[in-house]
Amino acid sequence: MEVNLCVLLWAHQGCDADLSAYEDQVLGLLGEHGGRVIQRARTVAGKDDDSEPTEVQLLRFASEDALDGFMHDDRRAALAGQRDAAIAMTEVLRVRLD
């Protein structure tokens, strides 16, 4: 059964470009794990607080096993330091696409 995720990402102050660079790398691994990006969007600047995420992603995986493979990919894990430096908060929602 397919797994659809809505991923909300907040960058550390001043690290928007670093967040994007990290996500470019890890999202490049999706295809090897039966996943794909449905949509990737950046919020429009204008708020001075962190109430809105920096980036919103809709991702689809072929199965729970596919998602698990992506989450445990050693190449993704090797980028944990880059992720921690760029991303302040992540929220992942399982969604049904209508």
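The structure we're discussing is the one just above.
Summarised in this report is the structure supplied together with it. (Residues numbered from 1 in each chain as written. Predicted model: local features only at pLDDT ≥ 70, side-chain atom pairs only at ≥ 80, totals over all residues. Heavy atoms only, no water.)

Counting 19 residues, the largest nonpolar core has L5, L19, L30, L59, F61, F70 and I87 as the members making the most contacts within it. The set of elements that each furnish at least two residues to this core consists of β1 (3-11), α1 (16-27), β3 (55-61) and α2 (64-71). Here the element with the most residues in this core is β1; it accounts for five residues. (Core = buried A, V, L, I, M, F, W, Y, C linked by side-chain atoms within 4.5 Å. Buried < 20%, exposed > 50% of the residue type's maximum accessible area, 1.4 Å probe, protein only. Helix = DSSP H or I, 4+ residues; strand = E, 2+ residues; numbered from the N terminus.)

Here α1 spans 16 Å end to end across twelve residues, near enough to the 16 Å set by a 1.5 Å rise per residue. When α1 is considered as a whole, its buried residues turn out to be L19, S20, Y22, E23, V26 and L27. All buried residues of α1 project into a common sector of 165° when viewed along the axis, lining one side. (Expected span 1.5 Å × (residues − 1). Arc of directions from axis to C-beta.)

Attention now moves to the environment of D18. As for its position among the elements, D18 is in helix α1. Taking relative accessible area as the criterion, D18 reaches 42% and is therefore assigned partly exposed. For the pair D18 and G81, spaced 63 residues apart in the sequence, the C-alpha separation amounts to 12 Å.

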